[in-house]
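Understanding the architecture of this molecule
Next come the chains, spelled out residue by residue.
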Amino acid sequence: MTTQQTNRGTLGTFAGVFTPSILTILGIILFLRLGYVVGNGGLRNALIIIGIATAVSVLTSISLAAIATNIDVKGGGDYYMISRTLGVEFGGAIGIVLFLAQSVSIAFYAVGFGEAATAIFGLDADWAAQLVAAVAVLLLFGLAWLGADVASRFQFVVMVLLVAALVSFYAGAISNFDAGVASDGWSSPAGALGFWAIFAIFFPAVTGFTQGVSMSGDLRDPGRSLPRGTFAAVGVSTVVYVTVAILIAGNATSAELIQDTSILNSIAAFRPLIDAGVIAATLSSAMASFLGAPRILQSLASDRVFPVLNYFAKGHGSASNPRRAVVLSLGIALATVAIGNLNAIAPVVSMFFLISYGLLNYATYYEARAASPSFRPRFRFFDRRASLAGAIACAVAMVAINIPAGLGAIIILAAIYQYLRRIDRPQRWADASRSFYFQRVKEGIRAMTAEAENPRSWRPQVLAFSADPRRRARLLRFGSWLEGESGLTAAIQIVVGEGALMRRERQASEEALRGEIENLGLDVHGRAVLASDAMEALPIIVQSFGLGPLQANTVLFGWPEQTDEAHLAGYAQAVRETHRLGVNVVSMLSDERRWAALEKLPRDERTIDVWWQDDDSSRLALLSAYLFTRTRAWSRARIRVLAAVDNGEEIEEATAELRGMLDSARITAAVECVPTPTIVDIGARSGGAGFAMIPASLQQGVFVGPYSLETGSVLASLPTTAVFLAGTTVDLTAGPETEQSIQLRAAEEIVHVGENRLRALERQRERLEAEIELRIDSSGWEADDITAAEQRLRTNERRILKTKAKLEVARADVDALLHPGNNDTGK
């Protein structure tokens with residue numbers, strides 16, 4: 001075990017986070033490209049571009065602060081935080097590409113240093129910049145080899161040079177600032193680059209704000225230093241970029257800014273300090289990458305995500321300095337310098353950084369969206385909407401900067417993600433996935449509960465009961481076929497007994513059951529239940545299983561192998577008690593001989609025989625046969641529907657009727673009609689089938705199969721067979737509008753008409769009452785007129801009462817149709 005994950009570092013906020021971040025942000029773009037940005041876009045667009053870039057930085061910093069104050073961040077920075085939130089697949093993918101991106105970035109910055117140095121000293125040879133860059137890489141390698149403490153002291157020297165360069169610029173720019181020139185340069189000049197082209201040039205300037213995050217393993221208190229140092233670096237750099245942009249606009253015209261990329265030299269009070277600043281900026285950025293890249297690789301190796309990288313997990317000394325990874329970064333950087341032309345690789349590298357920021361934002365949103373009680377960031381200003389906005393902003397920036405490079409980076413990341421998703425490895429830590437899935441399940445159940453039930457949305461939710469491990473594998477395999485990859489299956493084992501010893505036995509049984517399921521490779525959920533009496537526990541388990549609308553609707557048993565009367569009677573009682581609960585009961589007959597015969601059948605030679613007697617059990621069997629064909633094992637199987645007719649003259653008519661039913665049900669099957677089939681006929685027809693499905697019923701404790709034949713006798717000559725007892729109505733032709741929805745619409749129309757009539761009658765009553773009052777007060781009306789008006793009022797009131805009574809009945813009908821379960825207790 002390496003010490004990298006356990007030893008606490010020694011660096012504080014300033015040395016470990018602020019310094020590497022600010023030195024990377026205030027880099028080559030500030031000194032050699034900001035004037036070009038202001039010249040092409042005008043001061044207005046330049047400030048907007050800085051604002052957008054800063055917004056991405058701030059939003060990502062908020063996400064970083066939330067994660068850093070919610071978990072104990074160890075070595076690996078972005079990789080560690082993303083992997084511990086989104087999982088090893090995302091973390092591993094972003095970790096490997098970030099390591100490569102930062103290792104290549106060493107060469108980028110070193111080549112920038114070489115070009116600046118050769119320009120300053122007047123070296124014109126083509127190879128000079130590459131040679132200087134290679135020497136710089138080797139010198140920086142020495143600092144990285146010695147460790148973060150030594151390298152951070154070098155960064156302090158660079159910081160002094162950078163500050164001196166900025167002071168020199170401010171001194172010259174402020175004294176020569178011309179408001180008129182700034183006003184003339186407010187807007188973009190004619191013929192200049194477009195907004196997004198300028199944005200693409202500037203945005204790489206802010207991709208270094210998380211350089212300090214890569215140093216997380218070397219920090220004394222990552223939870224405190226990471227948010228503070230990152231926010232401070234983003235804040236200070238934003239102030240510098242805004243003020244420098246304004247001062248540049250007031251010291252040079254747009255044409256001068258476009259033509260002279262080293263305009264800061266012309267403006268500064270002391271030009272040599274600007275040259276020193278350019279050199280310091282490139283070296284500091286390269287140094288930050290040289291420190292960050294090896295630590296990402298070391299953390300990745302320590303997690304054993306890629307076995308080939310395990311060698312790089314070992315660190316040196318008490319700080320676990322990743323010297324092996326430093327050597328690999330050196331090799332990548334020197335190889336990149338040797339290439340010379342970096343323009344083709346640079347956009348993809350920028351995309352990798354953007355993807356990492358986007359994933360960091362999404363990871364924070366993902367964890368917050370999961371609403372896990374363990375997500376308690378100490379950062380007070382976090383809002384998950386800010387993280388989502390940051391993720392979207394990163395995606396927009398990728399599209400705006402370079403679509404091909406963005407697509408290329410995404411493809412590489414997706415390929416690594418898919419590789420990690422497919423390899424078999426132990427789970428090494430708990431990420432936020434489980435909490436996120438729980439939240440989705442909760443919301444899904446709530447949404448399902450709000451939706452009215454419809455036969456179209458029926459899915460098999462199977463409870464498979466089995467106490468015999470010898471038969472359980474066959475039963476669970478059948479349950480997965482019965483589900484047809486569209487429902488849920490749970491395996492239940494009832495452990496009979498009481499007391500502490502049996503509680504331990506239940507736990508052991510459940511672990512063994514889950515182990516069996518895992519070995520079978522089935523999507524089945526195992527549960528062992530302790531009960532003093534299995535028969536009493538059975539209906540309770542069936543009724544209580546599930547949550548909300550996710551309730552068992554099909555119970556699966558194995559057909560009894562023991563044929564003694566007492567055993568069969570107990571089995572029949574279990575089926576009867578279960579069936580009375582309104583659930584489907586399916587019993588499967590399959591011994592080792594039958595199962596072996598089934599497994600020998602090639603997939604394209606399998607037939608599923610469904611014996612039909614036009615009842616709900618037959619329809620359930622037919623639907624189950626169709627669901628079988630949605631699984632890989634039965635995808636090539638042929639369904640055959642066999643039905644009884646009284647005589648041969650009815651075959652043609654019955655066949656046409658069955659084909660019409662199958663067409664309406666949208667199920668492809670062959671049809672055969674058998675005149676008055678006997679047990680021998682059923683065996684002769686289906687004995688060679690891959691699987692047989694027959695409807696049955698329970699009559700006085702005896703299973704009665706199709707066509708009133710005794711089920712046990714029918715099964716004797718059949719292959720592996722399922723016996724179906726439907727507990728509810730099965731509608732194979734259900735459409736969007738059910739009979740219930742039609743009735744509901746009619747009842748709602750009655751309510752609507754009744755309410756309108758009631759309002760009209762109440763208005764009429766008000767008019768009659770006013771008329772009577774007026775006649776009583778007026779001396780010109782006769783008594784007979786008043787009596788007639790009162791009679792009309794009494795008639796109106798009777799009509800109001802009758803309308804209210806009818807309306808109350810209609811509203812009750814609507815409520816009953818909307819909430820049918822509320823009336824069950826009264827039946």
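You'll find the structure just up there.
On a predicted model such as this, the values are computed, not experimentally measured, just so you know.

Focus: the packing of helix H1 (residues 13–25) against helix H10 (residues 222–249)
Axis separation between H1 and H10 bottoms out at 8 Å; the angle between their running directions is 30 degrees. Judged by the twist between their axes, the crossing of H1 over H10 is right-handed. For the pair H1 and H10, the contacting residues are Thr13, Val17, Phe18, Ser21, Ile22 and Ile25 in the first and Ser225, Leu226, Arg228, Gly229, Thr230, Ala232, Ala233, Val236, Ser237 and Tyr241 in the second. Among the residues forming the contact of H1 with H10, the class breakdown is nine nonpolar, six polar and one charged.

As for the packing of aromatic side chains
All chains considered together, the criterion is met by 33 aromatic pairs. Members of the aromatic cluster, joined through ring pairs, are Phe478, Trp481, Trp595, Phe628, Trp634 and Phe691. Geometry around Tyr311 places Arg324 over its ring, the cationic atom sitting 4.0 Å from the centre. The lysine or arginine in question, Arg606, covers the ring of Trp634, its NZ or CZ lying 4.9 Å from the ring centre.

Structural notes on the pattern of salt bridges
Under the defined criterion, the tally for this structure stands at 19 salt bridges. The partner of Arg385 in a salt bridge is Asp383, with the nearest N and O atoms 2.8 Å apart. Exposure remark for Arg385: the relative accessible area of 62% places this residue in the exposed category. When its relative accessible area of 28% is taken as the criterion, Asp383 is described as partly exposed. Of the charged contacts, one joins Glu672 and Arg685 as a salt bridge, the two residues approaching to 3.0 Å between their closest N and O atoms. With Glu672 in strand E10 (residues 670–675) and Arg685 in helix H26 (residues 679–686), the pair connects residues that are 13 residues apart, well separated along the chain.

A few points about the nonpolar core
By size, the foremost hydrophobic cluster in this structure holds 111 residues, and its most contacted members are Leu30, Phe31, Phe169, Phe202 and Tyr241. When neighbours within four sequence positions are excluded, Tyr241 is seen to be in contact with Ile25, Leu26, Gly27, Ile29, Leu30, Leu34, Ile50, Phe202 and Ala205. With 48 residues, the next largest nonpolar core counts Trp481, Ile639, Ala643 and Ala665 among its residues.

Re H26
Taken together, the buried positions of H26 are Ile682, Gly683 and Ser686. The arc enclosing the buried residues of H26, seen along the axis, measures out at 95 degrees, which places them on a common side. Among the exposed residues of H26, those pointing more than 90 degrees away from its buried face are Val680 and Ala684. Of the surrounding secondary structure, the elements contacted by the buried residues of H26 are strand E8 (607–612), strand E9 (638–645) and helix H27 (711–716).

Definitions and limits used
Residue positions are given per chain, counted from 1 along the sequence in the order it is written. In keeping with the predicted nature of the model, local features appear solely for residues at pLDDT of at least 70, side-chain atom pairs appear and are counted solely at 80 or more, and the whole-chain, interface and lining totals rest on all residues. Side-chain measures here rest on the full set of heavy atoms in the structure, leaving out hydrogens and waters. As a rule, the C-alpha atoms of each element are fitted with a line to give its axis, helices using only the stretch in contact, and angles between N-to-C directions run from 0 to 180 degrees. A run of H or I in DSSP becomes a helix once it reaches four residues, and a run of E becomes a strand once it reaches two; helices and strands are each numbered from the N terminus. Should the near helix be turned counterclockwise from the far one by less than a right angle, the crossing is left-handed, whereas a clockwise turn marks it as right-handed. Residues count as neighbours in contact if any of their non-hydrogen atoms are within 4.5 Å of one another. In the scheme used here, Gly and all other residues not listed as nonpolar or charged are polar, with Ala, Val, Leu, Ile, Met, Phe, Trp, Tyr, Cys and Pro taken as nonpolar and Asp, Glu, Lys and Arg as charged. Two rings from Phe, Tyr or Trp (for Trp, the six-membered ring) form a pair when their centres are within 6.5 Å of each other. A pair whose planes differ by under 30 degrees is stacked, one over 60 is edge-to-face, and the rest are tilted. Comment: the charge-over-ring label is applied if NZ (Lys) or CZ (Arg) is within 6 Å of the ring centre and within 35 degrees of the ring normal. By salt bridge we mean one thing: a side-chain nitrogen of Lys or Arg within 4 Å of a carboxyl oxygen of Asp or Glu. Remark: exposure states derive from per-residue accessible area (1.4 Å probe, protein chains only) relative to the maximum for the residue type, with buried under 20%, exposed over 50%, and partly exposed in between. The term nonpolar core refers to a set of buried residues drawn from Ala, Val, Leu, Ile, Met, Phe, Trp, Tyr and Cys, joined through side-chain atoms within 4.5 Å. Here the arc refers to the set of directions running from the helix axis out to each C-beta atom.

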